[in-house]
Amino acid sequence: MQPNLSLSLSLEGLPVVVLGDAEESRQALARYRRAGARIAFYDSPEAYLGAVAVPSRPALVAVVGSAAQRSAAGAPDAGWAPVLAHYRTLGVPQVQEPAAGPRGHVTLVGGGPGSRGLLTSDALEALRDADVVLYDRLAPWQELAGLTAAQLIDVGKLPGHHKVPQEEINRLIVEHAQHGCGGRGANVVRLKGGDPFVFGRGGEEAAACAAAGVPVRVVSGISSAVAVPAAAGIPVTHRGVSHSFTVVSGHAPLTSTEHESLAGLAAEGGTVVVLMGIATLPHLAAGLRRAGLDSGTPLAVVERGHLAGQRTTVTELGRAEAETGGCANPAVIVIGEVVRLAGFGAAGAAAELEGLAEQLLAHPAGAEPVGAAPAGGRA
Ligand code: SAH
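First, a word on what this report is: a plain description of the structure on this page. As the structure is a prediction and not an experimental result, all values here were calculated from the model.

1. Remarks on the packing of helix 10 (residues 256–267) against helix 11 (residues 281–290)
For the pair helix 10 and helix 11, interaxial distance at closest approach is 8 Å and the crossing angle is 70°. Classified by the angle their axes make, helix 10 and helix 11 are roughly perpendicular. In this structure, helix 10 meets helix 11 at a crossing whose hand is right-handed. Across from His259, Leu262 and Ala263 in helix 10, the residues of helix 11 making contact are His283, Leu284, Gly287 and Leu288. For the contact of helix 10 with helix 11, a count of residues per class yields four nonpolar, three polar and no charged.

Written as structure tokens, this is what we have:
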């Protein structure tokens, strides 16, 4: 039997036999219930054989978790084997279902920048096996109902509208892991946008779990720091042009020392990536110029990367305030020569950068700063 990972069947009103341990089957049952199936569930071969009436010709037989493994391995204790053989002779399709995740556990899951396609397969598995999902607004939450039968709890925050304080989120995560799901403890997924450990407060949540003795693991996600520039065709590094990228939070204004450090890196061709930086962009642009970064340094704002309404604004450091006033969150700001490749190097930017790369490779350390390189045409 194949694991049921990629099938999408309508089971509305159809009889489905589910076989497996009650504890392991709780998520599979919830999924079939949600799919509209009429479920006949048996938690042991004895329960099946002792039942007054069993569906004679179900649409599907689902075997959950260890029951599936045992019958698949043909182990002598595979009490389900005769039942499965019976349905096989009737030609009823059989499917393996994974066991629900363990109670009392927490998984911090990175959901990527918001599109379903950028959820990892580990993230999909964790969601499928969860009893409770606590999610953020930037996580791909519109997709959740189709990915999990878990209880969904919105703990999202919008900038400036702190809906649930972080301490309360930490408390909720631990509380659900220990006492959720009917008081017996839940398998909890904490779903966050991007990667949980990139401006995601995942470290605090993991520490809160550890302090409470709740086992916790992390499923890394695709961070908007890289994926959102990529959505606009901007690579954060480019051979010979940018061999560093620095990701900073613009949530609070940077200090002049930070402006100087970033300007230094950017002047060497390094890419500066700013998250949560729309409100502080005028302050950042002015600070970088004061620190000596060339006003002609390319700058892009990529709004709603990988989402409907994605928009890229390409300008340069000296015009940032004037030309990005209409930009709104969520957005990633990219500063550096790589911005010339926006739109995958349209308008000959790739060739232009090639020339720049050759120039830099010919004069490595101490060469003329990239910011002073001839500007040429904008991408
Ligand atoms: N942990 C997340 C970042 C959380 S901070 C990650 O790794 O991506 C939230 C910021 O991420 C937003 O203010 C914005 O700067 C950026 N962001 C997240 N998703 C985005 C998207 N789809 N488009 C543009 N920016 C996004």
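2. Thoughts on the site of the ligand
As a structural note, the neighbourhood of the ligand is formed by 20 residues, with Val198, Ser223, Ser224, Gly305 and Ala331 the closest of them. One of the backbone N or O atoms of Met276 is found 2.9 Å from an oxygen atom in the ligand. Here an oxygen atom of the ligand sits 2.6 Å away from a polar atom, N or O, in the main chain of Ala331. Protein chains shield 94% of the accessible area of the ligand, which is 550 Å² for the free molecule. Each residue belonging to the shell around the ligand can be placed in one class, and the counts come to twelve nonpolar, six polar and two charged. If you count residues domain by domain, the shell around the ligand takes at least three from each of domain 2 (105–222) and domain 3 (226–378).

3. Looking at the pairing of strand 2 (residues 38–42)
As judged from the five bridges shared by strand 1 (residues 15–19) and strand 2, these two strands associate in the parallel manner. Counterpart to Val18 in the pairing with strand 2 is Phe41. Between the parallel pair strand 1 and strand 2, the chain is carried across by helix 1 (residues 26–34), and the sense of this crossover is right-handed.

4. Notes on the sheet that holds strand 12 (residues 298–303)
One open sheet holds the five strands; their spatial order is 10-11-14-12-13, and the pairing between them is mixed. Every interior strand has two partners, whereas the edge strands, strand 10 (245–249) and strand 13 (311–316), have only one. This sheet shows a mean twist of 20° between the axes of neighbouring strands, independent of strand direction. As paired elements, strand 10 and strand 11 (residues 271–275) share five bridges and run parallel to each other. In the sheet register, Phe245 faces strand 11, and the bridge partner there is Thr271.

5. With respect to the environment of Lys192
For Lys192, the location among the structural elements is in strand 8 (residues 187–192). Using a relative accessible area of 2% as the deciding quantity, one classes Lys192 as buried. Measuring from C-alpha to C-alpha, the distance between Lys192 and Gly111 comes to 5.6 Å, with 81 residues separating the pair along the chain. Sequence-distant contacts of Lys192, that is, excluding residues within four places in its chain, are made with Val109, Gly110, Gly111, Gly112, Asp136, Ala139, Gly200, Gly202 and Glu205. At 3.0 Å, the side chain of Lys192 forms a polar contact with the side chain of Glu205.

6. Things to note about the nonpolar core
The nonpolar side chains of a soluble globular protein tend to be buried, and buried together. The biggest cluster of nonpolar side chains holds 21 residues, and the ones touching the most others in it are Leu288, Leu299, Val301, Ile333 and Ile335. For this core, the secondary structure elements donating two or more residues are helix 10, strand 11, helix 11, strand 12 and strand 14 (331–335). When residues of this core are assigned to their parent elements, the largest contribution, four residues, is made by helix 11. Setting aside its immediate chain neighbours within four residues, Ile335 contacts Gly270, Thr271, Val272, Leu284, Leu288, Leu293, Thr297, Pro298 and Leu299.

7. Describing the side chain of Glu303
Examined against the element boundaries, Glu303 turns out to sit in strand 12. In this structure the side chain of Glu303 is engaged in a polar contact, spanning 2.7 Å, whose partner is the side chain of Arg311. Only 2.8 Å separates the side chain of Glu303 from the backbone nitrogen of Ala328, close enough to count as a polar contact. Setting aside residues no more than four positions away along its own chain, Glu303 makes contact with Gly309, Gln310, Arg311, Thr313, Gly326, Cys327, Ala328, Pro330 and Ala331.

8. Examining the pairing of strand 3 (residues 60–64)
Of all five residues in strand 3, five are buried; the element is thus mostly enclosed. As paired strands, strand 1 and strand 3 are joined by four bridges and run parallel to one another. Across the sheet, the residue bridging to Val16 is Leu60, located in strand 3. For strand 3 and strand 4 (residues 94–97), the ladder comprises four bridges, and the chain directions are parallel. Note that in strand 4 the partner of Val64 across the bridge is Glu97.

9. Details of helix 11
Given 3.6 residues per turn, any residue in an α-helix points the same way as the ones three and four places further on. All buried positions along helix 11 are accounted for by Leu281, Leu284, Ala285, Gly287 and Leu288. On an axial view of helix 11, the arc spanned by its buried residues comes to 165°, and they lie on one face. Looking at the buried residues of helix 11, the elements they touch are helix 10, strand 11, strand 12, helix 12 (320–323) and strand 14. After helix 11 finishes, the residue Gly292 shows a positive phi value of roughly 100°.

Conventions adopted
Residues numbered from 1 in each chain as written. Predicted model: local features only at pLDDT ≥ 70, side-chain atom pairs only at ≥ 80, totals over all residues. Heavy atoms only, no water. Axes fitted to C-alpha atoms, helices over the stretch in contact; angles between N-to-C directions. Helix = DSSP H or I, 4+ residues; strand = E, 2+ residues; numbered from the N terminus. Parallel < 35°, antiparallel > 145°, perpendicular 65-115°, else oblique. Left-handed = near helix turned anticlockwise from the far one by under 90°. Contact = heavy atoms within 4.5 Å. Nonpolar A, V, L, I, M, F, W, Y, C, P; charged D, E, K, R; others polar. Near = heavy atom within 4 Å. Polar contact = N/O pair within 3.5 Å; in protein donor to acceptor, adjacent residues only side chain to side chain. Areas by Shrake-Rupley, 256 points an atom, 1.4 Å probe, with all protein chains shown as cover. Domains from an automatic or database assignment. Pairing = 2+ DSSP bridges. Right-handed = clockwise from strand over helix to strand, strands pointing away. Buried < 20%, exposed > 50% of the residue type's maximum accessible area, 1.4 Å probe, protein only. Core = buried A, V, L, I, M, F, W, Y, C linked by side-chain atoms within 4.5 Å. Arc of directions from axis to C-beta.

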